[in-house]
Amino acid sequence: MNRLCTPCNTIDTKLLATEIALILDKHLNNHISKYNETEALLLQLPIIKELIKENSDLKKKLENANNVTLQINEISDNTKTVAVSSFYCEEEKSMVTEDAEDEDDDEVEEDEEAEEEDEEAEEEDDHEAEEEDDEAEEEDDEAEEDDEVEEDDEVEEDDEVEEEDDEVEEEDEEEEVIEIEIDNKIYFTTNEINGKIFSQDLDGDVGEQVGNYKNGKPIFN
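Basis of the calculations
Residues numbered from 1 in each chain as written. Predicted model: local features only at pLDDT ≥ 70, side-chain atom pairs only at ≥ 80, totals over all residues. Heavy atoms only, no water. Core = buried A, V, L, I, M, F, W, Y, C linked by side-chain atoms within 4.5 Å. Buried < 20%, exposed > 50% of the residue type's maximum accessible area, 1.4 Å probe, protein only. Contact = heavy atoms within 4.5 Å. Pairing = 2+ DSSP bridges. Helix = DSSP H or I, 4+ residues; strand = E, 2+ residues; numbered from the N terminus. Axes fitted to C-alpha atoms, helices over the stretch in contact; angles between N-to-C directions. Polar contact = N/O pair within 3.5 Å; in protein donor to acceptor, adjacent residues only side chain to side chain. Phe/Tyr/Trp six-rings, centres within 6.5 Å; stacked < 30°, edge-to-face > 60°.

Section: the nonpolar core
Here is step 1: Judged by nonpolar contacts, Ile180, Ile182, Tyr187, Ile197 and Tyr213 together constitute the single largest core of 5 residues.
Here is step 2: Apart from residues lying up to four places away in sequence, Ile197 is in contact with Tyr187, Phe188, Thr189, Glu208, Gln209, Val210, Gly211, Asn212, Tyr213, Pro218, Ile219 and Phe220.

In structure tokens, the structure reads:
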């Protein structure tokens, strides 16, 4: 009599467990890697760095704080030991709080001193600016006075020049001149032997003196 054997599906549980463990391990490693990256980024933030620094400073203060030591005989009661430990903690906390308050007071005083120094500096700058403005105004006034003096001097010089020109013209008008020709050019002279030689202007009148006669010879300037 033939027996029919149905095929049995066998599963290797050890292999399956290994594969599951590998998958979980890979997933956890990825998660841990992302967490480490996030932590590294957070540590780079300025506020996190300040918090870490403040935490380390507080730890140093707690380590350097003067602990209140009490000599206690061996007591079997654990509750008293706990009470002493809590006393240490409260004492250290109060010391840290007092130090923090002192630091805040010092910072406030420094800020007030800085503000006073800034105000004094501003007052000095304003005073210096006013002095510079006053000096500039005085220099401008002096420059204007100098300009006025120079203008007066120039006016006086112009008046003197005009007077001299008038005197020359009057002298020219008083002297009688005759028309002469030298090198095919018309001139005027007061005397053909020892007289002055004048040019002829565009209007045909006596112009400026350009030379002199000496012993009958014309000599030009």
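Comments concerning the sheet that holds strand 4 (residues 206-214)
Here is step 1: Pairing in this open sheet of 5 strands is antiparallel, and the strands run 1-2-3-4-5 from one edge to the other. Edge positions in the sheet fall to strand 1 (178-182) and strand 5 (217-220), since each has one partner strand and no second. Geometrically, the sheet is characterised by an average inter-axis angle of 45° between neighbouring strands, direction not taken into account.

Brief notes about the environment of Phe198
Here is step 1: Of note, Phe198 is situated in strand 3 (residues 196-200).
Here is step 2: Measuring from C-alpha to C-alpha, the distance between Phe198 and Ile186 comes to 9.4 Å, with 12 residues separating the pair along the chain.

A short note on the pairing of strand 3
Here is step 1: Two elements, strand 2 (residues 185-189) and strand 3, share 3 bridges in a ladder whose sense is antiparallel. Directly across from Phe188, in strand 3, lies its bridge partner Phe198.
Here is step 2: As consecutive antiparallel partners, strand 2 and strand 3 are separated by 6 residues.
Here is step 3: Pairing analysis gives 4 bridges linking strand 3 to strand 4, with the strands arranged antiparallel. Note that in strand 4 the partner of Ile197 across the bridge is Gly211.
Here is step 4: Linking strand 3 to strand 4, which pair antiparallel, is a turn of 5 residues; within it Gly204 sits at a positive phi near 85°.

Digging into the side chain of Thr189
Here is step 1: Assignment of secondary structure puts Thr189 in strand 2.
Here is step 2: Using a relative accessible area of 0% as the deciding quantity, one classes Thr189 as buried.
Here is step 3: Reaching out from Thr189, the side chain makes a polar contact with the backbone oxygen of Asn191 at a distance of 2.9 Å.
Here is step 4: Only 2.8 Å separates the side chain of Thr189 from the backbone oxygen of Lys196, close enough to count as a polar contact.
Here is step 5: Discounting residues that sit within four places of it in the chain, Thr189 has contacts with Glu176, Val177, Ile178, Ile180, Gly195, Lys196, Ile197 and Tyr213.

Thoughts on unusual backbone geometry
Here is step 1: The residue Asn184 is not glycine, and still its phi comes out positive at about 60°.
Here is step 2: Its location among the elements puts Asn184 in the loop between strand 1 and strand 2.
Here is step 3: In this structure, Asn215 takes a positive phi of about 55° despite not being glycine.
Here is step 4: Mapped onto the fold, Asn215 is located in the loop between strand 4 and strand 5.

Considerations on the packing of aromatic side chains
Here is step 1: Considering all chains together, one arrives at 1 aromatic pair under this definition.
Here is step 2: Here Tyr187 and Phe220 contribute two aromatic rings whose centre-to-centre distance is 5.3 Å and whose plane-to-plane angle is 50°, an arrangement assigned as tilted. Here the residue Tyr187 occupies a position in strand 2, and Phe220 occupies one in strand 5, the gap between them amounting to 33 residues.
Here is step 3: A residue is classified by how much of its surface remains accessible, and Phe220, at 37% relative accessible area, is partly exposed.

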